[in-house]
Every structure is written in C-alpha cells, then in structure tokens.
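Topology and contacts: notes
As a plain string of letters, each chain reads:
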Amino acid sequence: MDGERHLRPRDRVFLAVCVVVAAVSLSLGVYLFPKANPEASIRFDLDRKQSESVALRFLDRAGVHSADAMGEGSHDLSGWHHASRFVYDDDARVFLEREVGLEETGRLVTGPVRMWRWGHRWFRPLQKETFLVEVATTGKVARFEHEIDEDAPGAHLSRERAQAVAESLATALLGFDPARLELLDAQTQDRKARTDHVFVWKDPSIRVADGSYRYEIGIQGDRL
C-alpha cells in the first residue's frame, strides 16, 4: 500500500545499536549500583518486629526481663513504654567512602561494621532510666545502653575487677573477645553511691586511614 513505510537497512542498524546500548547500560547499572551505593547492599535478615525479639532476648540475658520472661531479674519491662526506629551512621559511611572507596566500604558495611540498625528503647515517662538496644540488620546486637541516675546506688569495684567483669560480659553477652583486641583507654569515675568504669578496645584487623574500629563497655557499679 502507498501509505505503508518500510524500515531502511540503516534504520534497522540504528535500532539494533540502540537496543545493544540500552542492554549494556542496564547491565552496567545493575552491576555498578551496589558499588556506588552501599545502601543497596544492606542485608535485611530481619524486620523491625523480629529485631525487637532479638533485643528482648538480649535484655533477658542481661538480667532485664520482659513481661513474659521467666525468672527473677533486676527489672521487669511490663508497663514500660517501647519505641523503635531505623538508625544509621551516615558520617561513618561518608568517612569510609572517602578513605577506602565505594567497593571496600560495601565490603565493610556488609561485614564487621554494623552501620545500619534497628533501635529499640524502653522507658517510663518522667524517669531517667532507659534501656536502648540497637540490632544490626544482620541480626547482631550492635549497641546497648542502660541510662540510670548519677546518684543510683551500686558497687565500688576496682579498675582491675571492673575490667574483668567487662571482659566477661564482652565474651558471654556482646559477642566479641577482648583478648584479640588492643585496650586503648580505661577511665574511672567515682559517683555518689557507686563507681563507674569505661573501657575502650580497638580491633587491629580493621584499619582505615587514621581511624580504627572500636568497642566500648561501661560498667556502672558492677553492671553493664
């Protein structure tokens, strides 16, 4: 028919080239996107609700009991308020990208560096005491804080005894072995009714420029 138009050979070649370019661009995008954006490779091994269960099990092992936990503990979280949110350390991500590049950053954040976490906090209105547990998206507990009043009573341990307690808790509860780390700092603070200690270790196997990967444990009296 006179109204029909047929592709000329060079038009077919042009279309074929466009298809090839699009396919190559798509393949490169799929391959390079995780390298250029470490967030794309986040391992979500558990969701918010599952991470809450991990946090509660951790608190139970630490002697803080939820409403359905068995046994006697120093605390019972029944009646406490609970809040959760997704947290991440963007400053650390930017530092890693600048110092070691995107590919190495991607390797670190899917391994030992727990940059993306589910944060869970238990609190009571108008009271200072709170419990905070942050669970990495891979299922490991990355952070724990028990905030109490400065005048709350507790034990008066020597630095040596407090360090032994911290090292025992690190191995049994927090999942790292201080024996393979380097102790960087130890501080002691005498409170009104207890003595607090803070110990900081660094992991010599992880070095980024002048930075290091560190573990910190605070002992309040004789408790984590």
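Keep in mind it's a predicted model, so treat the numbers as computed, not measured. (Residues numbered from 1 in each chain as written. Predicted model: local features only at pLDDT ≥ 70, side-chain atom pairs only at ≥ 80, totals over all residues. Heavy atoms only, no water.)

**Regarding the overall build of the protein**
- Within the protein, the secondary structure is distributed over four helices and nine strands.
- Looking at the protein as a whole, 32% of its 224 residues qualify as buried.
- For the protein, long-range pairs separated by at least 24 residues make up 56% of all intrachain contacts whose partners lie at least 6 apart in sequence.
- Carbon and sulfur atoms make up 51% of the accessible area of the protein, which amounts to about 14100 Å² in all. (Helix = DSSP H or I, 4+ residues; strand = E, 2+ residues; numbered from the N terminus. Buried < 20%, exposed > 50% of the residue type's maximum accessible area, 1.4 Å probe, protein only. Contact = heavy atoms within 4.5 Å. Areas by Shrake-Rupley, 256 points an atom, 1.4 Å probe, with all protein chains shown as cover.)

**Digging into the packing of aromatic side chains**
- Applying the stated criterion across every chain yields a total of six aromatic pairs.
- These aromatic residues form a ring-pair network of at least three members: Phe176, Phe199, Trp201 and Tyr215.
- Above the face of the Phe123 ring, Arg121 is positioned so that its terminal group lies 4.4 Å from the ring centre. (Phe/Tyr/Trp six-rings, centres within 6.5 Å; stacked < 30°, edge-to-face > 60°. Lys NZ or Arg CZ within 6 Å of the ring centre and 35° of its normal.)

**A word on the side chain of Asp196**
- Position of Asp196 among the secondary structure elements: in strand S8 (residues 195-208).
- At a separation of 3.0 Å, a polar atom in the side chain of Asp196 contacts the side chain of Arg191.
- Polar side-chain contacts of Asp196 include one of 3.3 Å to the backbone nitrogen of Gly221. (Polar contact = N/O pair within 3.5 Å; in protein donor to acceptor, adjacent residues only side chain to side chain.)

**Some thoughts on the pairing of strand S6 (residues 141-147)**
- As judged from the six bridges shared by strand S5 (residues 130-136) and S6, these two strands associate in the antiparallel manner. Counted as the bridge partner of Val133 is Phe144 from S6.
- Between the end of S5 and the start of S6, which pair antiparallel, lie four residues, with Gly139 showing a positive phi angle near 105°. (Pairing = 2+ DSSP bridges.)

**Observations concerning helix H2 (residues 48-61)**
- Taking 1.5 Å of rise per residue, the 14 residues of H2 would be expected to cover 20 Å, and the 20 Å separating its terminal C-alpha atoms lies within 8% of that figure.
- Restricting attention to buried positions, one finds in H2 the residues Ser51, Glu52, Val54, Ala55, Phe58 and Leu59. Along the long axis of H2, the arc covered by the buried residues comes to 160°, so they all point the same way. Away from its buried face, by an angle of more than 90 degrees, H2 presents the exposed residues Lys49, Arg57 and Arg61. (Expected span 1.5 Å × (residues − 1). Arc of directions from axis to C-beta.)

**A word on the environment of Asp190**
- Mapped onto the elements of the fold, Asp190 is located in strand S7 (residues 182-190).
- When the C-alpha atoms of Asp190 and His156 are compared, they prove to be 8.3 Å apart, with 34 residues separating the residues in sequence.
- Engagement of the side chain of Asp190 in a polar contact is seen with the side chain of Thr195, the distance being 3.3 Å.

**A few points about the nonpolar core**
- The biggest cluster of nonpolar side chains holds 28 residues, and the ones touching the most others in it are Leu59, Trp122, Phe131, Val133 and Ile217.
- A per-element tally of this core places helix H4 (residues 159-174) first, with five residues.
- Non-local contacts of Trp122, meaning those with residues more than four positions away in its chain, are made with Glu52, Ala55, Leu56, Leu59, Leu77, Trp80, His81, His82, Glu129, Thr130, Phe131 and Val133. (Core = buried A, V, L, I, M, F, W, Y, C linked by side-chain atoms within 4.5 Å.)

**Description of the confidence of the model for the protein**
- Put simply, the protein has an average pLDDT of 77, and 63% of its residues get 70 or more.
- The spread of mean pLDDT over the elements of the protein runs between helix H1 (residues 9-36), the lowest at 55, and S7, the highest at 93.
- Note that residues 67-73 has pLDDT below 50 and, in this model, eight contacts with residues that lie over four places away or in other chains. (pLDDT = per-residue confidence, 0-100.)

**Re the sheet that holds S6**
- Reading across the sheet, the four strands line up as S3-S4-S5-S6 and stay open at both edges, with antiparallel pairing between neighbours. Only two strands of the sheet have a single partner each, and these edge strands are strand S3 (81-88) and S6. Sheet twist, expressed as the mean angle between neighbouring strand axes with direction ignored, is 15°.
- As defined by bridge partners, S3 adjoins strand S4 (residues 116-123) across eight bridges and the pair is classed as antiparallel. Note that in S4 the partner of Tyr88 across the bridge is Trp116. (Axes fitted to C-alpha atoms, helices over the stretch in contact; angles between N-to-C directions.)

**Focus: H4**
- Taken residue by residue, H4 has Ala162, Gln163, Val165, Ala166, Ala170 and Leu173 as its buried positions. All buried residues of H4 lie within an arc of 160° about the axis, which places them on one face of the element. Opposite the buried face of H4, by more than 90 degrees, sit the exposed residues Glu160 and Ala172.
- The positive-phi residue at the C-terminal boundary of H4 is Gly175, with phi of around 85°.

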